[in-house]
Amino acid sequence: GHTAGQRGRLTVQTYMQDAKNRAREELLSRSVVALTERRGASACVRRSYVRDLRRYLVDDEGSENAREAAAVTSGHMCAWEELHDTCVGTKQPRDLRVCYLAGPEPMNDFKVLCDLGVLPQNIWAFEREGGEFSAGLEQCCGSGVNQPKLIKMNIESFFASVPMQFDIVYLDFCSSLISKRMSLRCVHSMFINHRLASPGVLITNFCEPDEGRINEYTELMARYF
């Protein structure tokens, strides 16, 4: 849930409860570590994959697999590892580019990311609702910094129109996975437009469906599976 307060005539939600602060810090901290210190381990295919696979197949003496694996030379394996190094690369926190849904308090996530070493210039926050954008802009203006880039735009439209990739995409939705707000379509837009870097981290958070709609969800998911 959230806590509502009054700022002038505008109702503002706050997301600074202890549980939310802990979750935010842990999620973002793990994401930064996965893409920096543990970047090699975060790739879908490990660097030693070809070498490990060859060793496994060669041990199957006398088989066709063993004969094929024996034809893979040390040069072939080194070439694979060089390609892997090129694709995965190395990054420091300052090299990461991050975007997230701002809501009325964009500085919450922004401060955590900066504390983790992400450059303020590499942080993008999106909010399309007028009231929440105004509250977010007020919080940013009162923070004493000129960042993050707070953009009044649907992030789904941004994914579709701006050729930019992000290392971390944090989509904290205030709706259920399947809803009239089309939250899942936003995730689809990110993937179909290739806006998540590889390797990259996608963080999502959805609300539980309303109790009165549980049967609808059950029917929908049953048809899907």
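Colleague: Please clarify how the overall build of the chain should be interpreted in this entry.
Modeller: On a plain count of helices and strands, the chain comes out with ten helices and seven strands. Relative to a compact globule of 225 residues, whose C-alpha radius of gyration would be 17 Å, the chain shows 22 Å and is clearly more extended. Considering only C-alpha atoms, the chain reaches an extent of 80 × 50 × 35 Å along its principal axes. Taking all 225 residues of the chain together, 34% fall into the buried category. A sequence separation of at least 24 residues applies to 72% of the contacts in the chain between residues at least 6 apart. Per element, the accessible surface of the chain, about 13900 Å² overall, is 52% carbon and sulfur. Taking the average location of the 27 positive side-chain charges in the chain and that of its 29 negative ones, the two points are 5 Å from each other.

Colleague: Any chance you could explain helix α7 (residues 130-141) here in plain terms?
Modeller: Along an α-helix, residues three or four positions apart point the same way, because every turn accommodates 3.6 residues. In a regular helix each residue adds 1.5 Å, so twelve residues correspond to 16 Å; α7 covers 16 Å between its end C-alpha atoms and thus fits that length. Of the residues making up α7, those classed as buried are F133, A135, G136 and C140. Looking straight down α7, one finds its buried side chains confined to an arc of 165°; they lie on one side.

Colleague: Sorry, what's going on with the sheet that holds strand β5 (residues 149-151) here?
Modeller: Whether parallel or antiparallel, the strands of a sheet pair through hydrogen bonds between backbone atoms. In spatial order, the strands read β5-β4-β3-β6-β7; together these five strands make up an open sheet with parallel pairing. Each edge of the open sheet carries a strand with a single partner, namely β5 and β7 (196-207). On average, adjacent strands in this sheet sit at an angle of 15° to one another, irrespective of strand direction. Bridge analysis of strand β4 (residues 123-126) against β5 gives three bridges, and the strand direction is parallel. Within the sheet, the bridge partner assigned to A125 lies in β5 and is L150. Packing against the sheet, helix α6 (residues 107-115) makes contact with β3 (98-101), β4 and β6 (166-176), and its axis sits at approximately 160° to β3.

Rules of the game
- Residues numbered from 1 in each chain as written.
- Predicted model: local features only at pLDDT ≥ 70, side-chain atom pairs only at ≥ 80, totals over all residues.
- Heavy atoms only, no water.
- Helix = DSSP H or I, 4+ residues; strand = E, 2+ residues; numbered from the N terminus.
- Rg over C-alpha atoms; globule rule 2.2 N^0.38 Å.
- Buried < 20%, exposed > 50% of the residue type's maximum accessible area, 1.4 Å probe, protein only.
- Contact = heavy atoms within 4.5 Å.
- Areas by Shrake-Rupley, 256 points an atom, 1.4 Å probe, with all protein chains shown as cover.
- Lys, Arg positive; Asp, Glu negative; His and termini not counted.
- Charge placed at Lys NZ, Arg CZ, Asp CG, Glu CD.
- Expected span 1.5 Å × (residues − 1).
- Arc of directions from axis to C-beta.
- Pairing = 2+ DSSP bridges.
- Axes fitted to C-alpha atoms, helices over the stretch in contact; angles between N-to-C directions.

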